[in-house]
Structure formats: C-alpha cells, structure tokens
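Coordinates in review
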Amino acid sequence: MEAIYQDIARQLAARMDAGEFPPGSRLPSVRQLAASHGVNSLTALAAYRWLEQKQRVVARPRAGFFAALPAASAAAALHRALPSPATLVEVDSRMSQLVALSASDVAVQLHMAEAHHSLYPSAELARRLQTALLQRPELIGAYLPAAQHERLCGLLQQMAAGWQMEVKADEILFCNGITEGISLALRHLTRPGDTVAVETPVYFGLLQTLAALGLKALEIPCTPDAGLSLEALEFALQYGPPVRCLVTVTNYQNPTGARMPDDHKKRLLALARRHGVTLIEDDVFGELYFGEARPTPLKAWDRDGDVIYCASFTKSLAPSFRLGWLSGGRHHAALERLRASSSLVSPALLLGTLTDLLASGDYARISQRLRRQLARQMEQVADAVLAAFPRGTTLRRPQGGLLLWVEGPEGLDSGRLLEAALRESISFAPGMLFSAEPRFRHCLRLNFGQPWDEAQRQAIVRLGELAAEQLRTTC
Ligand SMILES: Cc1ncc(COP(=O)(O)O)c(C=O)c1O
C-alpha cells in the first residue's frame, strides 16, 4: 500500500505535469502542503524528499522547494510549460473585434485598458491648448525649439529622479505612445523570425506588434501574486531557443496587475545580463500607483545601459495625446535614428503643453486625483466580482493600474461568456486573448477605470449570473 506521503507527492507531481507549477517555479511551502492535505509538516516534508530523490523537485536553502529544472524526467513538463519551439505570433481577428467594441454602442464597457474619458482633465487641457495656441501660434508652424525641448527633458529627468531613476537628459526620446517605443526597440534588436520572451498572460497589443514584425513569442509565466517567474525565465534562457530580448511590464502588468518586487527587478537585470538578453521595460502603468510611492522602474538599477525603458502619459494624463517617451541606454542613438524614419517628432503643441503641466506641478495634481479615484473603483469592482461570481472565482486586488484579472472556476469559457454578455450590452476582455497559445480560457480581464455606478454594479452581477448559468449547463 502506498504511504500517505507518496500519495501527496504523486498529486503534486501531477499538478506540476499539468502546468500549474512550471519547471523552475516555487512550490508550496512545507507548511502549506501539509495544511492542504490535512497532515503534519513531517509528512509533507517526506513527500518533498521523495520527489527530490526522483529529481522532480529541488530544495534551495532558505528558499524552499522548486519544480525541477531539466532532467529527462522533467522533459514532458517542460514541453507543456513553455512553447517549444517559440511560436510565431499569429493574431486573429478576435483582437481587432475587441478593439472595435470601443466604438460600438455596448452600454457597459469593461474591456479596455483606459480610464473613462470623464476621469481625464479634458476641459482643463482644452483651455490650456487654446491659451497656448493664442499665445504661441508658432507651435503649429514649427517643431519644438531646441531650448524648450531641453527644458522638457530636464523636467522628465527630475520626475524620474523622484522615483530613484537616473536618466540622462540627452537620452530621452519622445515617441507616439509606448506602442511606438516598443516597436522601435524591437525593430532595432531583432530580425524577422527571432524569438522575443514575453509574459504570459500578455498584453495583446504586444502580440500584435510581434506579429507585424514576424517575431516569435516565448511565453514566460506571470501570476498576479508573484509576477514574472524568474525561475521559468532562467530555465527558458538556458534550455529554450535563443532569445533576443524580453519585454516586461514591471509595474501593474496587463492583464494580471502584478507588480514586480524591487528584489525581482534586480535579479531579472542580473539574469538578463548573464544571458546577453536586452530588456525592454514597459512602464505604462507606473504612474497609476495606489500606495504612498511610485514604484521604481527596473531601469533604475541598470548601470550598463542594457535596458530600453519606455513610459507614456497615455494612461495618466490624456490617452489621445499619445505622448510617450523612452530612454534607450546604449541603444539610444540607434533608436533615435530609427525614430527619424518612423514618426520623426511629436507635435510641438502637445510637448509644449506637457512642459507647462510638469513645470507648474499641475500634472502631479491631476495624476494624484486620477490615482485616488482608480483606487476606489478597483475596490468597488473587486468587491462586486467576489460577491457575484460563482464559487471558485479568485482575484488579487492590484495596487495600481486599471485592470482586474479574474480567474473563474475551472471549466468556465470566458469566450462564450463574452458572447452572452454582449447580448446584454456588457463587454470585457476574455482570457484567451492574452496568449498566442490556447490558455486562460477560464479568466477574464475587467477594466476598473469606469466611474462606479449602478449600471456597472448590475452588469457585474449579471456577468456572475451568466458565468454560473454556463457552468451549470455544461456540468
Ligand atoms: C502593457 C501595455 N503597454 C503598452 C500599452 C500602449 O501604451 P501607449 O498607449 O502608450 O501606446 C498598453 C495599453 O493598454 C498596455 O496595456
């Protein structure tokens, strides 16, 4: 007869094989494993020792147990955990359809990654633009004069210093949102057919960019709690196809909302350097923090200029201004040259307005107001989901950004849920959009950037009912 510890070990191995714990990822602590099986810690420890003998797990002093890295016995798990070889990204029309929803007349729209237009200071910005046009009409007829450009770079430099990130004023390049910044970085670093490591689940706009450039995506697990798995990344870099670069959303990742802890940022930097992989840091949500201090970008610890840092005011000030910027480290000059063949410069009128907003302190006030409102709305949406969705639904409240990642019970099909929801004029982003592989079917991403009202509350209640109905009829 099998001992209890062997039974526990076999169950854990099955969960590893099913991809719940990818190779290299951290396993439950001995205490957690014991509690989840109702046994004492010695039995759980025996299960781990047994798996260790079978080379399925490795113990790391003071860090716990991890799913084993390569060994013949781990090969099957590896194939399930990482797309191997990396997949050439194909983005089908579902994504474009989702984007088209924004222009539709869906009553409760929870699918986007922007705050509602009423949360942005549109009237105030309109007044500023009018004044700027009256006082400085030359902003239309010419590019921003060099002296004003320098002043704006100096203000950004000061702003970044406030988050412990040093950037050189002559290493700041404006671009058309982060989208253009990342595209420039990828064009500089890769050639069609190359492999780029990305988080999974991943922002689908990045998948579209990779597809347009003919690049392959190697998806590295990212969870709301732990963010990007450095263990899985290390494993992929050692045993997967050659990777040119990694694109990572370090603060309030889209869609999981994960914030990478500072310690992980430093470790990621060291890991990337060891493997000669350039990091492209997408900090699009960094300004939307709910705590006391803005998270420090990974770029702050980059002493060798390896990281291409991309930021933007599209989420925190005015989506349609498309004001993005990057600091490219040792790649900066090449990125400047590429930008010259892309969109050349950003509109002087908008750059001038941004300068005024930063210099007057008004941007700090505007973004603080937005953050407070988003923090409240996040709680309201999260409470409503937990109250309305079927048992087995989990979420982690993000501490910034605009997005709530909801993991429904196993068996939920969020694509079918979206079809049903659209019939009732409610939209959200279904989980399978966030991977080039068929993953995350039971998950959904909700936007909490919409002002909280009764219609929204009822829409979430209805989504919960539709999810429960679907599970009942498919069981
Ligand atoms: C992770 C991520 N990166 C980049 C973008 C696009 O940023 P931008 O509007 O500055 O191009 C988005 C938009 O939702 C996003 O979620």
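In the annotation of an unreviewed UniProt entry, the entry for the chain reads Putative 8-amino-7-oxononanoate synthase, and the organism field reads Chromobacterium sinusclupearum.

Some points on the environment of E219
Inspection of the secondary structure assignment puts E219 in strand β7 (residues 216–223). For E219, a relative accessible area of 0% puts it in the buried group. Sequence separation between E219 and S435 is 216 residues, and the spatial gap between their C-alpha atoms is 7.8 Å. In this structure the side chain of E219 is engaged in a polar contact, spanning 2.7 Å, whose partner is the side chain of S435.

Side note on the site of the ligand
Contacts to the ligand come from 14 residues, most closely from I178, T179, N254, D282 and R322. One nitrogen or oxygen atom from the side chain of T179 is found 2.6 Å from an oxygen atom belonging to the ligand. Within the complex, the protein chains bury 95% of what would otherwise be the 400 Å² of accessible surface of the ligand. If one sorts the elements of the shell around the ligand by residue count, helix α9 (residues 177–189) sits on top with 3 residues.

Re unusual backbone geometry
For the bond running from T200 to P201, omega is 5°, close enough to zero to count as cis. On the secondary structure map, P201 appears in the loop between β6 (195–200) and α10 (204–212). Geometrically, the link from N254 to P255 is a cis peptide bond, its omega value of 15° lying close to zero. With respect to the secondary-structure elements, P255 resides in the loop between β9 (245–248) and α12 (262–274). Although it is not a glycine, L344 sits at a positive phi angle of roughly 65°. Positionally, L344 belongs in the loop between α13 (332–340) and α14 (348–360).

Points about the domain arrangement of the chain
According to the domain assignment, the chain consists of domain 1 (4–81), domain 2 (93–119 + 369–474) and domain 3 (122–364). Domain 2 and domain 3 are separated by 26 Å when their C-alpha centres are compared. Listed by partner, the interface residues are 29 residues for domain 2 and 26 residues for domain 3. Here domain 2 meets domain 3 over a buried area of about 2500 Å², counting both sides, of which 63% is carbon and sulfur. The largest share of the area that domain 2 buries against domain 3 comes from R371, R396 and F434, three residues that together contribute 24% of it. On the surface where domain 2 and domain 3 come into contact, there are 3 salt bridges.

Observations concerning the pairing of strand β14 (residues 403–407)
β14 sits mainly inside the fold: 4 of its 5 residues count as buried. Relative to β14, strand β13 (residues 394–395) runs antiparallel, the two being bridged by 2 bridges. Across the sheet, the residue bridging to T394 is E407, located in β14. When β14 meets strand β16 (residues 443–447), the two strands line up antiparallel, connected through 5 bridges. Across the sheet, residue E407 finds its bridge partner in β16, namely C443.

As for a nonpolar patch on the surface
Taken together, the side chains of Y143, L344 and V345 define a hydrophobic patch exposed on the protein surface, amounting to about 300 Å² of accessible area. Overall, the relative accessible area of 45% leaves L344 in the partly exposed class.

Things to note about the nonpolar core
Of all hydrophobic cores here, the largest spans 75 residues; its most connected members are L186, I280, V385, L404, F428 and L446. In terms of residue count, helix α15 (residues 362–388) provides more of this core than any other element does, 7 residues in total. When residues of this core are assigned to domains, at least three map to each of domain 2 (93–119 + 369–474) and domain 3 (122–364). With 34 residues, the next largest nonpolar core counts L152, Y309, A318 and A348 among its residues.

About the thresholds
Residues numbered from 1 in each chain as written. Predicted model: local features only at pLDDT ≥ 70, side-chain atom pairs only at ≥ 80, totals over all residues. Heavy atoms only, no water. Helix = DSSP H or I, 4+ residues; strand = E, 2+ residues; numbered from the N terminus. Buried < 20%, exposed > 50% of the residue type's maximum accessible area, 1.4 Å probe, protein only. Polar contact = N/O pair within 3.5 Å; in protein donor to acceptor, adjacent residues only side chain to side chain. Near = heavy atom within 4 Å. Areas by Shrake-Rupley, 256 points an atom, 1.4 Å probe, with all protein chains shown as cover. Domains from an automatic or database assignment. Contact = heavy atoms within 4.5 Å. Buried area = accessible area lost by both parts, 1.4 Å probe. Salt bridge = Lys/Arg side-chain N within 4 Å of Asp/Glu carboxyl O. Pairing = 2+ DSSP bridges. Patch = residues over 30% accessible without salt bridge, like charges linked within 9 Å, V, L, I, M, F, W, Y side chains within 5 Å. Core = buried A, V, L, I, M, F, W, Y, C linked by side-chain atoms within 4.5 Å.

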